[in-house]
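Residue-level listing of the chains:
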Amino acid sequence: MLIRKSKPGEVPEREVTPEPIYLGRRRLFQAAALGLSGIASRLRATLPSREKPPAGALRPLPAPRDAKYKVEGREITPEAITAGFNNYYEFTTEKRRVAELAEHFDSRPWQIEVRGLVEKPLKFDVDDLLKRFPLEERVYRLRCVEAWSIVVPWTGFPMAKFIEWAKPTAQAKFVRMVSFLRPGQCPGQREQTWYPWPYFEGLRLDEATNEVAFLVIGSYGHILPNSNGSPLRLAVPWKYGYKSIKGIVRFELTDKQPPTFWNKLAPNEYDFLSNVNPAKPHPRWSQATEEEVATRRRIPTLPYNGYGEYVARLYS
Ligand SMILES: Nc1nc2c(c(=O)[nH]1)N[C@H]1C(S)=C(S)[C@@H](COP(=O)(O)O)O[C@H]1N2
Ligand SMILES: [Mo]
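Please read these numbers as outputs of a predicted model, since none were measured by experiment.

Colleague: How should I be thinking about the pattern of salt bridges in this particular structure?
Modeller: Close approach of charged atoms allows side chains with opposite charge to pair. For the structure on display, the rule yields 25 salt bridges. The closest approach of N and O atoms between R108 and D127, which form a salt bridge, is 3.0 Å. Highlighted residues: R108 in the loop between helix 5 (98-102) and strand 1 (111-116) and D127 in helix 6 (residues 126-132), separated in sequence by 19 residues. In this structure D127 comes out as partly exposed when scored by relative accessible area, which is 21%. In this structure, the salt-bridge partner of D128 is K131, at a minimum N-O distance of 3.7 Å. Linking D128 with K131, this pair stays in helix 6, spanning three residues, or about one helical turn. Accessibility expressed as a relative area gives 30% for D128, which makes it partly exposed. Residue K131 is classed as exposed on the basis of its relative accessible area of 67%. If you follow the salt bridges from partner to partner, you end up with R74, R143, E290, E292 and R297 in one network.

Here it is, written out as structure tokens:
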């Protein structure tokens with residue numbers, strides 16, 4: 001993804017080796033309780049003050065698992081990895097530092113807007129969505145264009161239900177999504193001024209209303225950690241990870257294909273559709289295989305990341 005430094009197809013060693021420092025808060029407390037004070041204090045010394053987590057962080061969010069969406073032959077990625085190995089350039093390009101830098105980001109309360117080609121523009125708090133839409137859990141693959149992948153139990157609701165509620169007009173053909181702009185809380189937005197902040201993405205309306213497109217407010221049975229895009233992110237797992245925009249503040253229905261963050265930066269490397277396709281190499285690396293971050297296993301990449309039965313017909 002990073003354009004300044006060229007990235008090889010292989011995930012570098014330092015990016016995939018789990019280190020105790022990234023075990024997360026719960027493990028840290030466990031370690032302390034077990035009297036592993038050496039480790040615990042070493043961890044504490046390297047992290048910013050974390051005695052006061054943001055109000056509501058990791059609040060339980062129980063939801064029935066939809067058994068239809070499962071990932072055969074792969075284990076769910078441990079949460080310490082999903083929440084501790086991230087692409088979230090608003091904070092930093094260092095994957096293992098996102099969680100620490102995002103920990104005190106204020107992801108609640110959080111206003112969201114729907115505007116553009118809709119019957120009536122909407123403004124609401126993210127927590128209204130919890131009341132409006134029945135929640136379900138789906139285990140989805142996430143395949144980054146950098147050729148690493150994880151398997152995550154997301155909690156949320158189908159984007160189709162959300163779009164239906166938003167009442168697009170007959171002219172609407174696309175949905176544009178925009179993230180927050182908060183340089184005061186985000187070192188990446190402050191320091192990496194060459195990026196066209198805020199992050200923006202888009203889908204065709206037939207993609208957004210496909211049953212696989214999922215709006216996510218939780219993971220692993222609780223609300224999303226900031227590092228994974230709290231309070232609201234997209235999961236479109238048949239596309240490369242960068243399409244799954246995090247920290248959404250706005251949806252805009254349009255009749256024109258919206259520009260996207262990575263396409264704007266490098267149009268020859270990141271196209272609008274960006275469907276996972278092992279047969280189509282990225283200009284700088286192959287997409288034929290991927291590395292499971294948790295196991296370091298290299299596995300074949302599937303067409304549409306394994307979701308062809310649901311989405312291939314959109315592209316025939
Ligand atoms: N707002 C925002 N959304 C984003 C990104 C980002 O930098 N900013 N990175 C994308 C990329 S490249 C990937 S691979 C996924 C990673 O999601 P995860 O860190 O929750 O696994 O988020 C995507 N969504
Ligand atoms: Mo990515």
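What follows picks up the thread again.
Colleague: Can you help me understand the environment of W262 in this one?
Modeller: If you trace the backbone, W262 turns up in helix 10 (residues 261-265). In this structure, the C-alpha to C-alpha distance between W262 and E201, residues 61 residues apart in sequence, is 8.5 Å.

Colleague: I'm lost on the site of ligand 1 in this one. Help?
Modeller: Every one of the 18 residues lining ligand 1 counts as a neighbour, but Y89, E90, N228, R233 and K246 are closest to it. At 2.8 Å, a side-chain N or O of N228 approaches an oxygen atom of ligand 1. The side chain of K246 places a nitrogen or oxygen atom 2.6 Å from an oxygen atom of ligand 1. With the chains in place, 99% of the 530 Å² that ligand 1 exposes on its own is no longer accessible. Looking at side-chain class alone, the shell around ligand 1 contains nine nonpolar, six polar and three charged residues.

Colleague: Looking at this structure, I do not really get the sheet that holds strand 2 (residues 122-125). What am I missing?
Modeller: Backbone hydrogen bonds are what pair the strands of a sheet, in a parallel or an antiparallel way. One open sheet accounts for five strands, arranged 2-1-10-5-6; its pairing is mixed. Two strands close off the open sheet at either side, each with one partner strand: strand 2 and strand 6 (200-204). Neighbour-to-neighbour, the strand axes of the sheet open up by a mean angle of 15°, direction not taken into account. Alignment of strand 1 against strand 10 (residues 248-254), held across four bridges, turns out to be parallel. Opposite V114, over in strand 10, you have F251 as the bridge partner. Against the sheet, helix 7 (residues 159-166) touches strand 1, strand 2, strand 5 (174-179), strand 6 and strand 10, its axis set at about 130° to strand 2.

Conventions we followed
Residues numbered from 1 in each chain as written. Chains lettered and ligands numbered in written order. Predicted model: local features only at pLDDT ≥ 70, side-chain atom pairs only at ≥ 80, totals over all residues. Heavy atoms only, no water. Salt bridge = Lys/Arg side-chain N within 4 Å of Asp/Glu carboxyl O. Helix = DSSP H or I, 4+ residues; strand = E, 2+ residues; numbered from the N terminus. Buried < 20%, exposed > 50% of the residue type's maximum accessible area, 1.4 Å probe, protein only. Near = heavy atom within 4 Å. Polar contact = N/O pair within 3.5 Å; in protein donor to acceptor, adjacent residues only side chain to side chain. Areas by Shrake-Rupley, 256 points an atom, 1.4 Å probe, with all protein chains shown as cover. Nonpolar A, V, L, I, M, F, W, Y, C, P; charged D, E, K, R; others polar. Pairing = 2+ DSSP bridges. Axes fitted to C-alpha atoms, helices over the stretch in contact; angles between N-to-C directions. Contact = heavy atoms within 4.5 Å.

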